[in-house]
Every structure is written in structure tokens, then in C-alpha cells.
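Summary of the model geometry
Residues per chain are reported as follows:
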Amino acid sequence: MALSSLSAKILTETTRLSPCQWFVCARSKHTRSRVPPEYYAERSKEHEKYGGDPDQPHKLHIVTRVKSVMRRPYWEKDMVKYLGLQKANTPVIHKNTPTVNGQLKFVKHLVRIQPLQTPYGLPEEQDMADTYINSKGELIIRRLLKPADPKANES
């Protein structure tokens, strides 16, 4: 009985190994992220800079590709093509949804994203042909004058 307890004691003491310090350092060096933590910090101050309100976000984005996709990975080229941004400096309008925002996150270094502002309200179906987007990202409606009703002038 003393022999079995002695052998059990020897086995437990031999199985405890001290961790190698060089192994721990090499492992953390290759698995730890090298991106600084301030890169992931919340950027709430930019809402005021770009005229946005975090409580009431805009409904539409104006997305413009400003950099080339040459020498970029295939997934970025595919995402640019999927978003309809093949031509540079041509604005495309997308909805502000989590799905689209996730796609734009992959190519955020290639595009410029602006909110679409509608100072005169959303256009009606017949006014869609007479709208344009100015350089500030505002949707302007050119309202044409309609002939007045002759009955309204008589009374």
C-alpha cells in the first residue's frame, strides 16, 4: 500500500511541468491582434462634423468610388462590382441598412459615403425626372410651373 501511494505521488509530481516562457511569448506574438485599440474606438464626434444625427440616421447613402481597384484583392473587386461602383467618381444611391453597411465596410477605403439629404422633401413619382443631386449631397427637385386653372382665376 505504501508502494502504490509512493508511485502515485511520484507520478503527480512528474506530470506537473512548468510552462516554457519562450513558447508563451511566441504564441501571443502570433495570435494577438496588431491593430491598435483606438482604431476600434467609437467615433461619435464625427456625427457633428458631417451633419448627421445618431438618434435619427439618414435613410439613403450616396456612395462614390474615389480609388482604383487595381492591385486589390478579388473580394474587394467583387464587392465594388456588386455595389455598382465600376466607374470612378460616379455616385450611386444605396439604402442605409445593416446589410449594405456591412458590404460598404469591406471597401470603405475605396469609397466616399455621404448622407442623401432631402431639404424639400421626397419627390413624387412625376417629379423624379426633374431631380438632381448637388455637390453637398442634397436632392434638389426642379419643379416646373404648371398652367393655372382658368376657373381658379375667374373666382
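Residues numbered from 1 in each chain as written. Predicted model: local features only at pLDDT ≥ 70, side-chain atom pairs only at ≥ 80, totals over all residues. Heavy atoms only, no water.

**Re the overall build of the protein**
When helices and strands are tallied, the protein shows six helices and five strands. The helix and strand sequence of the protein, counted from the amino end, reads α-α-α-β-α-β-α-β-β-β-α. For the protein, the proportion of its 155 residues judged to be buried stands at 18%. Contacts in the protein between residues far apart in sequence, at least 24 positions, make up 55% of those at least 6 positions apart. Summing over all exposed atoms, the protein offers an accessible surface of approximately 13600 Å²; the carbon and sulfur share of this is 57%. (Helix = DSSP H or I, 4+ residues; strand = E, 2+ residues; numbered from the N terminus. Buried < 20%, exposed > 50% of the residue type's maximum accessible area, 1.4 Å probe, protein only. Contact = heavy atoms within 4.5 Å. Areas by Shrake-Rupley, 256 points an atom, 1.4 Å probe, with all protein chains shown as cover.)

**With respect to the sheet that holds strand 3 (residues 111-115)**
The strand order across the open sheet formed by three strands is 2-1-3, and the pairing between neighbours is antiparallel. Two strands close off the open sheet at either side, each with one partner strand: strand 2 (92-95) and strand 3. Strand-to-strand twist of the sheet, defined as the mean angle between neighbouring strand axes without regard to direction, takes the value 30 degrees. In this structure, strand 1 (residues 60-65) lies alongside strand 3, joined through five bridges in antiparallel fashion. Within strand 3, the position partnered with Val63 by the bridge is Ile113. (Pairing = 2+ DSSP bridges. Axes fitted to C-alpha atoms, helices over the stretch in contact; angles between N-to-C directions.)

**Overview of a nonpolar patch on the surface**
Residues Tyr74, Trp75 and Phe106 make up a contiguous nonpolar surface patch of about 410 Å² in total accessible area. For Tyr74, the position within the fold is in helix 4 (residues 74-82). Judged by relative accessible area, which is 59%, Tyr74 ranks as exposed. (Patch = residues over 30% accessible without salt bridge, like charges linked within 9 Å, V, L, I, M, F, W, Y side chains within 5 Å. Salt bridge = Lys/Arg side-chain N within 4 Å of Asp/Glu carboxyl O.)

**Side note on helix 4**
By the burial criterion, the buried members of helix 4 are Glu76, Met79 and Val80. In an axial view of helix 4, the angular spread of the buried residues amounts to 100 degrees, which keeps them on one side of the axis. Along helix 4, exposed side chains directed more than 90 degrees from the buried face belong to Tyr74, Lys81 and Tyr82. Looking at the buried positions of helix 4, the neighbouring elements they touch are strand 1 and helix 5 (98-106). One or two steps after helix 4, the chain reaches Gly84, where phi turns positive at roughly 80 degrees. (Arc of directions from axis to C-beta.)

Don't take any of this as a statement about function, it's just geometry.
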